[in-house]
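Residues per chain, in single letters:
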Amino acid sequence: NESWFELSTIHRYLDISLLLMAQKGRGSVVSGNNCEISSGAQVSECVLWDNVRIESGARVRHAVLADNVVIAAGDVIENAAVVCAELVRGKEAPPKALQGAFKGNNFVVPLSG
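Residues numbered from 1 in each chain as written. Predicted model: local features only at pLDDT ≥ 70, side-chain atom pairs only at ≥ 80, totals over all residues. Heavy atoms only, no water.

Considering the packing of aromatic side chains
Move 1: Under the counting rule described, the total for this entry stands at 1 aromatic pair.
Move 2: The ring centre of Phe102 lies 4.5 Å from the NZ or CZ of Arg89, which sits over that ring. (Phe/Tyr/Trp six-rings, centres within 6.5 Å; stacked < 30°, edge-to-face > 60°. Lys NZ or Arg CZ within 6 Å of the ring centre and 35° of its normal.)

Regarding helix H1 (residues 10-23)
Move 1: Between its first and last C-alpha, H1 extends 20 Å over 14 residues, near the 20 Å set by a 1.5 Å rise per residue.
Move 2: Buried within H1 we find His11, Leu14, Ile16, Ser17, Leu18 and Met21.
Move 3: Residues of H1 that are buried sit in contact with strand S1 (29-31), strand S3 (42-48), strand S5 (59-65) and strand S7 (76-84).
Move 4: Gly25 sits one or two positions beyond H1 and adopts a positive phi of about 70 degrees. (Helix = DSSP H or I, 4+ residues; strand = E, 2+ residues; numbered from the N terminus. Expected span 1.5 Å × (residues − 1). Buried < 20%, exposed > 50% of the residue type's maximum accessible area, 1.4 Å probe, protein only. Contact = heavy atoms within 4.5 Å.)

A word on the pattern of salt bridges
Move 1: The full count for this structure, using the stated rule, is 3 salt bridges.
Move 2: Glu55 serves as the salt-bridge partner of Arg53, at 3.1 Å between the closest nitrogen and oxygen.
Move 3: With a relative accessible area of 33%, Arg53 lands in the partly exposed category.
Move 4: Of the charged contacts in the structure, one is a salt bridge between Glu78 and Arg61, with a shortest N-O distance of 2.8 Å. Residue Glu78 is located in strand S7, and its partner Arg61 is located in strand S5; the two are separated by 17 residues in the primary sequence.
Move 5: A relative accessible area of 46% means that Glu78 is categorised as partly exposed. (Salt bridge = Lys/Arg side-chain N within 4 Å of Asp/Glu carboxyl O.)

Spatial relationships are all this shows, so hold off on functional conclusions.
Written out as structure tokens, the structure reads:
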């Protein structure tokens, strides 16, 4: 029984990833290699790529965190995709790119629904 999923947007990628994780009983957070979630962090409905660190006191919900992202203590990330600011700083965004904002060492793009 095969399924086909259309993943053309970051929001769809996140939603389908969460659906598949739930179907497989894997909870609501999947993480790549070398990820660290501090015990005092609140994290749910997330896809973490490699080398992600979420510090104690941070809250992250319904998000995709790309490679090497650090979410600092006290930061709140909800319904967003986050990449390291160094990847996009000084570069022109593609015409159809979602609008985001720099927040510390991260570039945060809100996901619409």
